[in-house]
Amino acid sequence: MLLLPSAAEGRGTAITHALTSASTLCQVEPVGRWFEAFVKRRNRNASASFQELEDKKELSEESEDEELQLEEFPMLKTLDPKDWKNQDHYAVLGLGHVRYKATQRQIKAAHKAMVLKHHPDKRKAAGEPIKEGDNDYFTCITKAYEMLSDPVKRRAFNSVDPTFDNSVPSKSEAKDNFFEVFSPVFERNSRWSNKKNVPKLGDMNSSFEDVDAFYSFWYNFDSWREFSYLDEEEKEKAECRDERRWIEKQNRATRAQRKKEEMNRIRTLVDNAYSCDPRIKKFKEEEKAKKEAEKKAKAEAKRKEQEAKEKQRQAELEAARLAKEKEEEEVRQQALLAKKEKDIQKKAIKKERQKLRNSCKTWNHFSDNEAERVKMMEEVEKLCDRLELASLQCLNETLTSSTKEVGKAALEKQIEEINEQIRKEKEEAEARMRQASKNAEKSTGGGGNGSKHWSEDDLQLLIKAVNLFPAGTNSRWEVIANYMNIHSSSGVKRTAKDVIGKAKSLQKLDPHQKDDINRKAFDKFKKEHGVVCQADNATPSERFEGPCTDFTPWTTEEQKLLEQALKTYPVNTPERWEKIAEAVPGRTKKDCMKRYKELVEMVKAKKAAQEQVLNASRGKK
């Protein structure tokens, strides 16, 4: 006897009995088949209602299988078993009206019905002629069931379903009835999607988010459709491993090509739909109108902001003008007050000076000797020029309130102080003059030019030589001095020390002075060579290097790219300079050719100058 386990605590089922007396709550346990169903629900964590739905679903599937009506395939008896790969397996089993939606139970039931009807033994017993071996059409039924009962083989056959419509509507077909044309096309192609819940095409009332989600899904469509069913060669028929590998390689290439064509078909379908979709046009027009409105609003806001700024600027200007006028008035009043005070002080000083002269004159300038009196008068005038108002008042008070001897002593003391002050000022001035003369001598002597005069041509030649022979050149300053001695028209011989000194002094020059030197040199060049800048818009030839054209200096990165391009594209490369110009962003073919010529000239000049220096050093030895 089989004893079922008792229900877990809290798993009992409560029932109530409708009796005439009061209702009572009873605890009962499921037994028998009800307990089995209860255990299944508990293990699946499902409620009783969910289990009922599952049972109803199974019952509905069974009823559908019972109600399934098979369609007789009229061409069944004429099928060639050897050409089974080209037959419609669903039609052979009588499932042509169900096709890929048929369940495995329906396929099995259809096969069973076809076997009961078309089995060779049945037909032989009925007196029908039977072909020997696999040549009988019943082999086609067996092959159809073999393909459709295997999920992998069925998927391969479904991918090449002969009844599927692969056509793509053109733009002209959907001009007036977009949704009627494209909705069924997307509906039937959605069967190939790996993802479930394929979005619908919708209608004119669909929102922008729904339309965007629809086209995003189809532009990133993930299809499970594959074309292994159409393989021309079967690797099982291969006689060796190498032949099997070759067959697999050929099949993979063919499948990839067909998969590519399928994805191109889907992309064409989506592109045609997107270009014809009236909702897209509506959204674009709405977006355009929205942008125009935003642009107008932005322009209006900017105009108002500018007006506000202009008003604020005018107010600030008015306030600044009033403040300036007020400040000028205050300055004018202060100037008037200062002038008045200055006039008062001048009058007071003038009065005190006259008082000092009169006091000294009263005392006969404190001497009976004519020469001493004249000298004292000069000293008194010196005091009048040098002393301040307070000092003059103090001195005049001493002279008027004291005796002759005391006044003379005070006057002589003041004279000594003034003379001492004058002497110190004179010594300081002489010291400043000596220092200035020393600085001037040092600047002229340290500049390296000494008595050698540097003309504008020599300065321009020096600048050119410094640029021509950059830092790192062997015996750089000797090479520059030798270059100047060769090309200078002044005839003055320069040493390396002279060149270094003048180069340092040029570095300390103001940028405007440097520009002035370059401008004068260019004016002289135009005057000597008669260069006239053309004002027309004609394109200059590649060999013309006009001095009036704009020139942007080459950066270090551009120089590296040019050198690399010259190495990459040798002289015999077709269209060499066009390729070099493409390798240097921001530079034209003309710029690259001009820079190349400059580099060649610089290298030649360096070599010539270095050879001259070497020859000169050998000559000295």
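Under an unreviewed UniProt entry, the protein has the name DnaJ homolog subfamily C member 2 and belongs to Tursiops truncatus.

Looking only at helices and strands, one finds 21 helices and two strands in the protein. When burial is assessed residue by residue, the protein has 27% of its 621 residues classed as buried. Pairs at least 24 residues apart make up 65% of the contacts formed inside the protein by residues separated by at least 6 positions.

Membership of the largest hydrophobic core comes to 25 residues, with the highest contact counts inside it found for Phe178, Phe182, Phe186, Tyr215 and Trp218. Elements supplying a minimum of two residues to this core: helix 8 (178–189), helix 9 (208–219), helix 10 (241–276) and helix 11 (278–362). Here this core gets six residues from one element, more than from any other, and that element is helix 8. Excluding its chain neighbours within four sequence positions, the residues that come into contact with Phe178 are Leu201, Tyr215, Ala273, Cys276, Asp277, Pro278 and Arg279. The next biggest cluster of nonpolar side chains, apart from the first, holds 24 residues, and it includes Leu79, Ala110, Cys140 and Ile141.

Helix length check: helix 12 (residues 370–386) (17 residues) gives 24 Å between terminal C-alpha atoms against 24 Å at 1.5 Å per residue, within 8%. Those residues of helix 12 not exposed but buried are Arg373, Met376, Glu379, Val380, Leu383 and Cys384. Considered in projection along helix 12, the buried side chains sweep an arc of 145° and stay on one side of the axis. Away from its buried face by more than 90 degrees, helix 12 exposes Ala371, Lys375, Glu378 and Asp385.

This part covers a negative patch on the surface. Taken together, the side chains of Glu285, Glu286, Glu287 and Glu294 make up a negatively charged region of the molecular surface. One can find Glu285 in helix 11.

Further remarks concern unusual backbone geometry. In this model, Arg99 sits at a positive phi of 55°, which is unusual for a non-glycine residue. Relative to the elements of secondary structure, Arg99 occurs in the loop between helix 3 (89–92) and helix 4 (104–118). The phi dihedral of Phe366 is positive, around 60°, even though this residue is not glycine. Looking at the element boundaries, Phe366 is found in the loop between helix 11 and helix 12. We classify Phe366 as buried; its relative accessible area is 5%.

A separate point is the packing of helix 8 against helix 10. Two numbers describe a pair of packed helices, the interaxial angle and the distance between the axes. Between helix 8 and helix 10, whose axes approach to 11 Å, the crossing angle comes to 155°. With respect to helix 10, the element helix 8 is oriented roughly antiparallel. Considering only the axes of helix 8 and helix 10, their crossing is left-handed. Every residue of helix 10 that contacts helix 8 at Phe178, Phe182, Val185, Phe186 and Asn189 is listed here: Arg265, Ile266, Leu269, Val270, Asn272, Ala273 and Cys276. Classifying every residue of the contact of helix 8 with helix 10 by side-chain character gives nine nonpolar, two polar and one charged.

In total, this model carries 30 salt bridges according to the counting rule given. Among the salt bridges present, the one from Arg587 reaches Glu558, with a minimum N-O distance of 3.0 Å. Of this pair, Arg587 sits in the loop between helix 20 (576–583) and helix 21 (589–620) while Glu558 sits in helix 19 (residues 556–568), placing them 29 residues apart in sequence. We note that Arg587, like Glu558, is buried. One salt bridge in this structure joins Glu598 and Arg595, with 3.3 Å as the shortest N-O distance. Of the two residues, Glu598 and Arg595 are both situated in helix 21; the distance of three residues between them amounts to about one turn of the helix.

With that out of the way, let us pick up the packing of aromatic side chains. A full pass over the atoms with the stated rule returns 21 aromatic pairs. Relative to Phe214, the ring of Phe186 lies with its centre 5.0 Å away and its plane at 75°, an arrangement referred to as edge-to-face. With Phe186 in helix 8 and Phe214 in helix 9, the pair connects residues that are 28 residues apart, well separated along the chain. Each of the two residues, Phe186 as well as Phe214, counts as buried. With a centroid separation of 5.9 Å and 80° between ring planes, the pair formed by Phe217 and Trp218 is classed as edge-to-face. The buried category is assigned to Trp218, whose relative accessible area is 2%.

Criteria and cut-off values
- Residues numbered from 1 in each chain as written.
- Predicted model: local features only at pLDDT ≥ 70, side-chain atom pairs only at ≥ 80, totals over all residues.
- Heavy atoms only, no water.
- Helix = DSSP H or I, 4+ residues; strand = E, 2+ residues; numbered from the N terminus.
- Buried < 20%, exposed > 50% of the residue type's maximum accessible area, 1.4 Å probe, protein only.
- Contact = heavy atoms within 4.5 Å.
- Core = buried A, V, L, I, M, F, W, Y, C linked by side-chain atoms within 4.5 Å.
- Expected span 1.5 Å × (residues − 1).
- Arc of directions from axis to C-beta.
- Patch = residues over 30% accessible without salt bridge, like charges linked within 9 Å, V, L, I, M, F, W, Y side chains within 5 Å.
- Areas by Shrake-Rupley, 256 points an atom, 1.4 Å probe, with all protein chains shown as cover.
- Salt bridge = Lys/Arg side-chain N within 4 Å of Asp/Glu carboxyl O.
- Lys, Arg positive; Asp, Glu negative; His and termini not counted.
- Charge placed at Lys NZ, Arg CZ, Asp CG, Glu CD.
- Axes fitted to C-alpha atoms, helices over the stretch in contact; angles between N-to-C directions.
- Parallel < 35°, antiparallel > 145°, perpendicular 65-115°, else oblique.
- Left-handed = near helix turned anticlockwise from the far one by under 90°.
- Nonpolar A, V, L, I, M, F, W, Y, C, P; charged D, E, K, R; others polar.
- Phe/Tyr/Trp six-rings, centres within 6.5 Å; stacked < 30°, edge-to-face > 60°.

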